[in-house]
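Fold and geometry: a report
Given next are the chains, with one letter for each unit.
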Amino acid sequence: MATVYVDNKACEMNPEENLLHGCLSHGFKLPYFCWHPALGSVGACRQCAVKQFKDDKDSQGKIVMSCMTPAAEGTRISIADPEVVAFRAGIIEGLMLNHPHDCPVCDEGGECHLQDMTVMTGHDYRRYEFEKRTFRNQDLGPLVNHEMNRCIQCYRCVRYYRDYAGGRDLNAFASRDQVFFGRSEDGVLENEFSGNLVEICPTGVFTDKTLKHHYARKWDQQFAPSVCVHCALGCNTDAGERYGSLRRIVNRYNHEINGYFLCDRGRFGYEFVNSEARLRQSVLKDRPTSAAAARQYLDQTVANGRVIGIGSPRASLESNFALRTLVGPDHFYSGIADHEAKLVGLMLEILRRGPMRTPTLRDIEESDVVLILGEDLTNVAPRMALSVRQSVRQQPMEAVKKLKVPLWLDHGVRDAMQDARGPLYIATPYRTRLDEVATATFRAAPDDLARFGFAIAHALDSSAPISHETSQDWLMAAAIARALKAAKKPLVISGTSCASEAVIQAAANVAMAANTALSFTAPECNTIGAALMGGNSLSAAFQAVKDGEADTVIILENDLYRRAPQAEVDSMLKAATHVIALDHLPNPTTEKAELLLPAGTFAESDGTFISSEGRVQRFLQVSAPQNEVMASWRWLKPDHWQSLDDVLRAMAKALPELDAACDAAPSSKFRIAGAKIPRSPLRESGRTAALVNINISEPKTPDDPDSALSFSMEGTPDQPPAALIPFFWSPNWNSIQAVNTYQKEVGGPLRGGDAGVRLFEPAPRNGQAYFSAIPRAFSPRQGAWLLVPMYHIFGSDELSLAAPGIRELATKPHVAVNSDEFAEGAEVEVNCAAGTFRLPVMIHREMPVGVAALSVGLSPLVGIQWPTWGKIARAK
Amino acid sequence: MLSILRTIWYVFLHSFQKRITVQYPEQKPYLAPRYRGRIILSRDPDGGERCVACNLCAVACPVGCIALQATEDKNGRRYPEFFRINFSRCIFCGYCEEACPTYAIQLTPDFEIGEFHRKNLVYEKEDLLINGPGKHPGYNFWQIAGVKIGGKDKGEAAHEAAPVDVHTLLP
Amino acid sequence: MTSPHPILSILGVAIVALSIAAFLIWVERRLLALWQDRYGPNRVGPFGLLQVAADSIKIFMKEDWIPPFVDRPVFILAPAIVFVTVLMSFAVLPVAPGIIVSDLSVGLLFFLAMSSLGVYSVVLAGWSSNNKYALLGGLRAAAQMLSYEVFMGLSLMGVVLLAGTFSLPAIVEAQRTIWFVIPQFPGFVLFLIAGLAETRRIPFDLPEAESELVAGYHSEYSGMKFGMFFVGEYMGVSLISAMISVLFFGGWLGPVLPGVVWFFLKMFSFIAFFVLVRAALPRPRFDQLMSWGWKVMLPLALINLLATGAAVLAWR
């Protein structure tokens, strides 16, 4: 640590960092725009000026940019010096010259970094009387709104979009005071992480378009800490509500996982919660009924019938466990599709056995060599793709360090680095978005990918098994092996997307041979949790109904048609006398239910998910439900469970492996100085006239028996533990940049540790055996295609598809092949065990011959058991 | 001791002084134009709703008696979808008027809004909106703001230059 | 000498005392308004006179709420005590020759005894309310009333010495030549102050000091129970005013007009004076109140008694 004197006060600062970083970490109010902890310094805005003195005798000093000055030992600076205060006020006055008089109609108003900084510098009166520069806006698609007049030219957007997220279509145009940030023409922003522009932009140029449709100020929203439900990574989010509807999702900083950024599916997919189609009332035999009557019917049916329960990988641990308790462990069936359950089971076995560590996204960012085996990360686990994008900077960064360029000096680093990229190897059946930063790519059928993996493992450790068939890819495998061996922090990523056990085993072999971290992706937000919960297989459930062992089926938040072929599900639902379903949105399964119970989404219920990293995390309800919607576990729970804590206690007792769920967040008894944690930001009055048109007497603030959060602005002003942070705010910092004040050190972990409990810590290496079931090389079949799943960030996820913005961007279902037989875009008929589908064809020249990739999860391409063989023919 | 007696005497002398009470219903007091009474929503000089649903009045309100929801017309002009004031809770402090950036919400010299039922004191937008600019004639927020609305393109507001041609690199 | 129609007298005195107390609600508000340059209640009936009726109806109709945490029997008993003790005192009050419920030979002592008993009402109310403000109010009342009672009794001993009797009609008759206010001026002042303190009127309303103790001992009372404290206070004011006129201003004695008129005239003057004091004076601190009581008033009362005794001895 270096001692820096700030206005003659000695402060310990990290000498690897700049003065702005140090000052903010110490809580000094130093305004800034262009700097961002994740983007580094460029010194563009001149707003963070401080005065630097040679020594304690120097009273003259000189003005320097704190973001461009290292926090070297003995540095003496002043923030309060009148000259530098005037300098900063002058800078902001200049930046504000052209800023429009928009705050009342600007969505950023009230959580605007520019507002905060303007107030911080004391600029409160516009002296400029001349004409203001104006721009025309662009239509950037359904997610992000563009209002260029408000721009202060800090360049954060393009630096994030191009340099950090790897986007190409956002750029700076024109010159001097007319610099314009946008696309070359109107159109949807191509990058999957464009939503972060909303938080990166210090003012209202880029705002959340979904929020615009039902706008509420930050101070008016009621927030709760949440966990993203749109993939298995478990990014931390804060969900904001107003007048009973969910208004938006903002990033909840978690140093270990999402850091400052979310993907667009996670940020904008929330709108399914507000969908018109939402189930908000119990339905018994197609007639709306009361909650009490529904519950009575449920109890009666359960008491009289032979009941089985089918869980869900998108329902919380608590809901799955409540169902398991209701029907009994022997009658509980996991809701994961059979082929997927096998893969996830294998992944869990590998993670439990060790010795590979499952990395956090931060670890992935810091990895210097990455091998991706069979995963299209951008579409399966988008936020992980963003982390992998950062990992390719690790090796060049070593060279930069040797040049003694400080790592925070963004331009310096990029100049030193040029186009150098660290090793990233991608082996998948078809092209992926990350190919553009990959060192080498390898395209093959899943079995060949597995063989490739086995070959790499063998190259690393000759005791690892290898097929004796020769392979032309041996050289590449050896090169990858060499890179992995030389790496300081190597990483292998694999998962379920190839629907191949062999690929997972191969990845495990490589990871074990090279002693790397091993990250698996999983398809849904609680796939890992549901797999750990156990239960019989889904086909066993079908069999039980068919055999007459069961006549009543309770289906928890699960569209079975997405899990199994239509015919099987149809016959099962027909055979069962009573079908009881719980879900948020209507789907083909709920249509067949005799009793349908409205289940709360992540915004209306409390629960716990386990991410693909094996991190147990809690999400909390945003507002007290105003109708009969409630958490599935509340519908299913026995009477003696009063609150979430009771469920968790019972679960820890019944399933000791899941007792970490109790520690995922402090219990409902948690208090800070005797007070709960407020869900709403502090304002003049916690009262509202929202409901007085219905009842003039304002209802009492509802109690929350399940968490340590209160449904009001009343509670502790102190920083809550990371798992319970509903929103980021601190005095003078109204924007999301307030997160700086919640961290131990800016850009570092949150004070008190980050949220979530890791379930799998690496077991020591003690002779874990390699997998040795090497598949035979893939050989194309005459007249038949191996069908593999192809995921889409917008479309493959069931829930986000009900969000209008995501739906608009969703990929049209198609089939991708490498064939001369079909023309691009032609209609073909795909015929496989799950049925016949009429789809447009896309020609992917990079794909192995004999393999076809089908959009997964998009109707009608659901319920397919992967991998499968099928026929493709021109549509008549 | 003496001071106590003197006080009692002075107070007693008040028996012969004029009463200052205003006998209200018969005798109406003068209310200044800036008197803080019943709240109204005013209109632009061109007749459009002035309120842009910025929510500042609602957050400034110390008793939380204002509720509104923003919405936008198809041309981007923002206005309140509903605007509700619960006068049974209003304390007529005038903070809402002070917070209002568009002069939309104004307090008027009318306090005679008594009702027998509290629910009759809940005023909706239809009850609040008047057909005029109130105390601030001539002011039109949209002519000063930078956003584009129906009838006002970019660069047409007060003190605005024509939109930049971003395709030119000329200095 | 006792009234020939005891029941009639009792009823008469009770009704008149209660009516005066009720009427005082209006009188006090009008007088306070007068001295504060306002009108006071002037809307209900002529001169706002029916305000009394409106207030009575209101207070009878109000919910009589007994909080769940109070000591129920004592809580109910307390307001009754204040009412009863003050009414009892009226029994020995000579309004005019022959108009008295009971001409006790120890009438003055009976009055003192009853006013001492009145303390219980306040103390018990404060205690039974189970509320810190009420308890503080009750404690203050106990200390204040006990302290001021001591010299209240002593201040009257001069009158007794001069009249040579404890019987109130006899004391009035003893003033045929000269009102006792002249020879017993210090006694009069002391009794006036002690009387204010006994009725817990401003400036001695520390037991219910609303700016510090919400409403002191009657914080938890509502409806007619509160009303009884309220009416009890006004009856106390009437009683003390009546006693002043009887003991120091010759009661019913006076020229031309009938005795009853003189009595009420004198009594109302003192009631008005009580209101004037309320309009004019602030409330002292509690320690000031106590030190005046013990260090100033008590010695003064003793000196007065000593001087009067010496004078009476010397005279004879």
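Residues numbered from 1 in each chain as written. Chains lettered and ligands numbered in written order. Predicted model: local features only at pLDDT ≥ 70, side-chain atom pairs only at ≥ 80, totals over all residues. Heavy atoms only, no water.

A few points about the overall build of chain A
Keep this limit in mind: Where helices and strands are cited, they refer to DSSP runs of H or I of at least four residues and of E of at least two residues respectively, numbered from the N terminus. The atom set for the radius of gyration is the C-alpha atoms, and the globule formula is 2.2 Å times the number of residues raised to the power 0.38. A 1.4 Å probe rolled over the protein chains alone gives each residue an accessible area, and that area as a share of the maximum for its type sets the label: buried under 20%, exposed over 50%, partly exposed in between. Whether two residues touch is decided by their heavy atoms; if any such pair falls within 4.5 Å, the residues are in contact.
Regarding its fold elements, chain A presents 25 helices and 36 strands. Rg of the C-alpha trace for chain A: 28 Å, near the compact-globule value of 29 Å for 876 residues, within the 12% margin. Across its three principal directions, the C-alpha atoms of chain A cover 90 × 75 × 55 Å. Per-residue burial for chain A yields a buried fraction of 65% across its 876 residues. Across chain A, contacts joining residues at least 24 apart in sequence account for 74% of those joining residues at least 6 apart.

A short note on the environment of Gly 305 of chain A
All names here are of chain A. Mapped onto the elements of the fold, Gly 305 is located in the loop between helix H8 (291–304) and strand E16 (307–310). In sequence terms Gly 305 and Lys 574 are 269 residues apart; their C-alpha atoms lie 16 Å from each other. In contact with Gly 305, other than residues within four places in its own chain, are Asp 551 and Thr 552.

Quick look at the domain arrangement of chain A
Frequently, the measure chosen for interface size is the accessible area that the parts lose on association. Residue and element names in this part refer to chain A. Here is the rule we go by: In this entry, domain limits derive from an automatic or database-based domain assignment. The term buried area refers to how much accessible surface (probe radius 1.4 Å) is lost by two components on association, counted for both of them together. Note on definitions: salt bridges are taken to be side-chain nitrogens of Lys or Arg within 4 Å of carboxyl oxygens of Asp or Glu. Any N or O atom pair separated by 3.5 Å or less is treated as a polar contact, with the protein-specific requirement of one donor-capable and one acceptor-capable atom, and with residues adjacent in sequence counted only for side-chain atom pairs.
As assigned here, chain A comprises domain 1 (2–95), domain 2 (282–339 + 530–742), domain 3 (357–515) and domain 4 (785–874). If you average the C-alpha positions of domain 1 and of domain 3, the two centres end up 39 Å apart. Contacts between the two partners involve 11 residues from domain 1, matched on the other side by four residues from domain 3. A combined buried area of about 560 Å² lies between domain 1 and domain 3, and 62% of that area is made up of carbon and sulfur atoms. Linking domain 1 to domain 3 there are zero salt bridges. Inspection of the domain 1/domain 3 interface yields three residue pairs in polar contact (both at pLDDT 80 or more).

Topic: the side chain of Ser 241 of chain C
Residues and elements named next belong to chain C. For Ser 241, the position within the fold is in helix H9 (residues 223–248). With relative accessibility at 0%, the residue Ser 241 sits in the buried group. Residues contacting Ser 241, with those up to four places away along its chain left out, are Met 267, Phe 270, Ile 271 and Phe 274.

Observations regarding the state of the cysteines
Between two cysteines, a covalent bond joining their sulfur atoms is known as a disulfide. Definition in use: Criterion for a disulfide: a pair of cysteine sulfur atoms within 2.5 Å.
Scanning the entire structure with this criterion turns up zero disulfides over all chains. You can see Cys 157 of chain A has no disulfide; the closest cysteine sulfur is in Cys 151 of chain A, sitting 6.3 Å from it. Among the cysteines around Cys 61 of chain B, which has no disulfide bond, Cys 65 of chain B carries the closest sulfur, lying 3.7 Å off.

Here's the deal with the sheet that holds strand E3 (residues 49–53) of chain A
Residues and elements named next belong to chain A. How we decide: Two strands qualify as a pair provided DSSP detects at least 2 bridges between them. Axes here mean lines fitted to C-alpha atoms, for a helix over just the part in contact, with angles spanning 0 to 180 degrees between N-to-C directions.
Ordered by their spatial adjacency, five strands build an open sheet running E2-E1-E5-E3-E4, and the pairing between neighbours is mixed. Among the strands making up the open sheet, the edge pair consists of strand E2 (9–13) and strand E4 (62–65). The mean angle between the axes of side-by-side strands here comes to 40 degrees, regardless of whether they run parallel or antiparallel. Across three bridges, the pairing between E3 and strand E5 (residues 76–78) is antiparallel. For Gln 52, the partnering residue across the bridge sits in E5 and is Ile 77. Running at roughly 155 degrees to E3, helix H2 (residues 82–95) makes contact with E3, E4 and E5 of the sheet.

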